[in-house]
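Letter by letter, the chains look like this.
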Amino acid sequence: MSDQPQPQQPTEGSAPQPPPEGAPPEGGKKNRPKRTGWRRLIPTWRITLATCVTGLLLLGGLFFLGYSLVKIPPANALATKQSNVYLYADGSQLARDGEVNRENVPLSAISKDARNAVLAAEDREFYNQSAIDPKAMVRAAWKTATGEGKQSGSTITQQYVKNYYLAQEQTVTRKVKEFFISIKLDQEKSKDQILEGYLNTSFFGRNAYGMQAAAQAYYGIDAKDLDAAQGAYLASLLNAPSEYDVIANPQNRGAAEARWNYVLDGMVKKGWLAEPERAGLKFPVPREATLSTGMSGQRGYLVEAVKQYLTEREILTPEQLETGGYRITTTLQKPKQDAFVKAVDDQLMSELDKKDRKVDNYVRAGGASIDPKTGEVVAMYGGIDYVQQYTNGATRRDYQVGSTFKPFVFTSAVDHKASTQGGRTITPNTVYDGSSERPVEGWSGGSYAPENQDEVDYGDLSVREATDKSVNSVYAQMAVDVGPDKVVGTAESIGLPKDTPSLDAVPAVALGVATASPLDMAQAYTTLADHGRYGAYTLVKKITKEGAEEIPVPERKTSRVISREAADTTTSVLQSVVDNGSGVAAQAAGRPAAGKTGTAEQDKAAWFAGFTPELVTVVAVMGQNPETAAQEPLYGAMGLARVSGSGPPAEIWAQYTKAALKGVEVKEFDLQVQDGAEDWVYPSTPPSSGDPDPENSSDVAEPPSEEPDNGTGGTETPTGPSTGTTDGGGTADGGVTGGTADGGTTGETTGGGGTADGGVTGGETGTGGTTGETPSGGADGGGGTDAGTTTGTGGLPTTRRQ
């Protein structure tokens, strides 16, 4: 039995006794003293540990959940929207289209100095750290919370994600997405790819998105040409694009320079810029801000023409162009483009008085110029301003081309070795009856007897003279002699589109009822200038996509479509138009030139199509009601009785051609004309003896035996029969001053009779001379289609001619 005292058992009804002091609690566990007072508010270490573990597990779970759920989305619409950049042939910028001024370029197309400047400004440890910088985020949050100013803790990766994939709103949801996408992106893309994306999507002010657009907006250069000073300024703009534009906000220059210095100092600190070079840098003041390149002035017309060219030739689709990102180098040459605009302004627009002359409000102009050796379109004129008159005058196909079509008829005649109804081979000297309203012979499609302009009867005259004067009756007959279907075929083969409106195989086609554009006509005349070889014009030299991928541009190929003799003989005839006929205003270019004037029905358009050995240019002046868009006659425009091809169109052509070819060696035409082109071909064999019968216009005298000199001072003209021709007097082209010719007299009084071009000074009878000085024909005898008036001095006009 133990000597230890036994615990006393409580008796029924007695109170329980507490355990002895120091004895363990019942069950073997020692009771802890309860915490009282403030100690109760402090969690125990066990609770703290459990809470931390639970929190870490929860954060890990949330991170895993977020990383799993948040996917890298497609780029937002703004980030992918780019402008297309259009360049002149020399690489200078012509225009940008699209609302967003952005041009994506590869990283290699941005100078290393500019890249390093951005890193120094935004994220100096970009290449050495992960996509997220927790310290920076905490620091930024602290400064924002303590009122030191809002500061971004984002890395370049995070900023790129915000720019490219997300919207710009400041929300918790966007920040969470940015966080997870940045981490994922850092795993999937290289640092160079991320930096390239960032530099192409960042906003620099002046509506410029991306470094390339910013380089152009602030310094007018490409991003690859930015130096350290310029790159540092553009990098500074990322912090406050509008505020740091020292041109728009000169009062903020101090802050902008401070930021600029911060960037440069960072470049030095990182070893990206040598200290001596840094010390020599001066603040690069940007150029004046310009209005949006937009589509104003000529830009809209040129861009429209280029787009039409690309889509019609299936080089790019409209959808591709709408997406943007293309850098399109055109064939347009800025000096020539500027010269074209100046010529139109000087010779046409400056002469308009829209306030006092209603008709001056109808005046429109269009033109195109092509290098015949290369087929490159070097200049175009679309209108006074694309934002005011959006219809492109260079490419519109709704105005009759008038007599500028007639050379195609003669070209077809020579190319097909065609003959007259009487069996005579058609050459420049083949004689036709130029009477107005003479019924066309040999046409089975019904009666057709076209009027000459002002209803002038010319009588017998050569094809060359008929071209000088644009005699409708001669060319309608010639079209039937050749075959209207062959004429149309020739016109199409040398460049007119097959779907040209009103290009129909009828005699009237010779008078220019077809409605081709100035660019179409320039294409066709280019084939003549290139001796009968056709090659489609080119308007684009090179295309790249986002500065890297090159889009193939079809190579221009040429082929012979008409004989050289046909093209060159036509050229020789058109030289006569400039030397002696309605195109004399083109002589102001100071070069050998060939060309043809033209007038649409009711004088709704006036044309001049001409070329030198180096340049083909077509100019049209058109009448259009600005309110109804209806075509309107141009009678009285510029204060002229008639706006003819020999007036403003030829004058514009001459000024432009002279300026465009300034400094270029003057060259003569190298022509190989058809056999027999210099021989006279008459309706019938001349009589063996005696004077020609004045009542039989088919009987004419022998042709001249030597080259005459324009018909002045009693000499013979180069293009007409000798003195003593049909119907009593004068010569067919130029005449003899004071000569006698079966009824002609000596004398110096103008009036009455004369010749078909110039007349005989003092002659008494003749077949359709002119003596007055009224436009396009005279009161006494008149002129002809596209022919003005003369005073009998060798066929040179004294007034504007068509």
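As the structure is a computational prediction, the values presented were derived from the model and not from experiment.

Peer 1: Outline helix 9 (residues 228-237), supporting the account with residue identities and numerical values.
Peer 2: Of all 10 residues in helix 9, 10 are buried, a share of seventy percent or more. Inspection of helix 9 places Ala 228, Ala 229, Gln 230, Gly 231, Ala 232, Tyr 233, Leu 234, Ala 235, Ser 236 and Leu 237 among the buried residues, and these make up the whole buried set. Buried residues along helix 9 sit in contact with helix 3 (112-122), helix 8 (211-219), helix 10 (253-269) and helix 11 (275-279). The backbone nitrogen of Ala 229 has a side-chain oxygen 3.2 Å away, supplied by the residue at the start of helix 9, namely Asp 227.

Peer 1: Now, about the nonpolar core: what can you tell me, with residues and values included?
Peer 2: Counting residues in each nonpolar core, the largest one holds 83 residues, and the members touching the most others are Leu 310, Phe 405, Phe 408 and Met 478. Among the elements that line this core, the one with the most residues is helix 19 (residues 518-529), at seven residues. Not counting chain neighbours up to four residues away, the residues in contact with Leu 310 comprise Ile 315, Leu 316, Leu 321, Ile 328, Val 540 and Ile 543. Judged by nonpolar contacts, the second largest core, of 50 residues, contains Ala 214, Ala 240, Val 246 and Trp 260.

Peer 1: Can you tell me about the packing of helix 15 (residues 406-415) against helix 18 (residues 484-494), naming the residues and giving the values?
Peer 2: In the contact formed by helix 15 and helix 18, the axes pass within 9 Å of each other and the chain directions differ by 105°. Relative to helix 18, the element helix 15 is oriented roughly perpendicular. In this structure, helix 15 uses Phe 408, Val 409, Thr 411 and Ser 412 to contact helix 18, whose residues at the interface are Lys 486, Val 487, Thr 490, Ala 491 and Ile 494. Here the residues of the contact of helix 15 with helix 18 sort into five nonpolar, three polar and one charged.

Peer 1: Describe in detail the sheet that holds strand 11 (residues 540-545), supporting the description with residues and values.
Peer 2: Pairing is mixed in the open sheet, where five strands are placed in the order 2-1-5-11-12. In this open sheet, the two strands that pair with only one neighbour each are strand 2 (93-97) and strand 12 (549-551). For this sheet the average axis-to-axis angle between neighbouring strands, irrespective of direction, equals 20°. Sheet topology note: the strand 11/strand 12 ladder contains three bridges and is antiparallel. Residue pairing in the sheet places Ile 543 in a bridge with Ile 551 of strand 12. Sheet strands in contact with helix 12 (residues 299-312) are strand 1 (84-87), strand 2, strand 5 (326-330) and strand 11, and its direction is about 75° off that of strand 2.

Peer 1: Outline the packing of helix 5 (residues 156-164) against helix 7 (residues 191-201), listing residues and values.
Peer 2: Direction vectors running N to C along helix 5 and helix 7 enclose 50°, while the axes themselves pass 9 Å from each other. In terms of their interaxial angle, helix 5 and helix 7 are classed as oblique. Crossing hand, helix 5 versus helix 7: left-handed. In this structure, helix 5 uses Ile 156, Thr 157, Gln 159, Tyr 160, Asn 163 and Tyr 164 to contact helix 7, whose residues at the interface are Lys 191, Ile 194, Leu 195, Gly 197, Tyr 198 and Thr 201. In the contact of helix 5 with helix 7, the residues fall into six nonpolar, five polar and one charged.

Reading the values: the criteria
Residues numbered from 1 in each chain as written. Predicted model: local features only at pLDDT ≥ 70, side-chain atom pairs only at ≥ 80, totals over all residues. Heavy atoms only, no water. Buried < 20%, exposed > 50% of the residue type's maximum accessible area, 1.4 Å probe, protein only. Helix = DSSP H or I, 4+ residues; strand = E, 2+ residues; numbered from the N terminus. Contact = heavy atoms within 4.5 Å. Polar contact = N/O pair within 3.5 Å; in protein donor to acceptor, adjacent residues only side chain to side chain. Core = buried A, V, L, I, M, F, W, Y, C linked by side-chain atoms within 4.5 Å. Axes fitted to C-alpha atoms, helices over the stretch in contact; angles between N-to-C directions. Parallel < 35°, antiparallel > 145°, perpendicular 65-115°, else oblique. Nonpolar A, V, L, I, M, F, W, Y, C, P; charged D, E, K, R; others polar. Pairing = 2+ DSSP bridges. Left-handed = near helix turned anticlockwise from the far one by under 90°.

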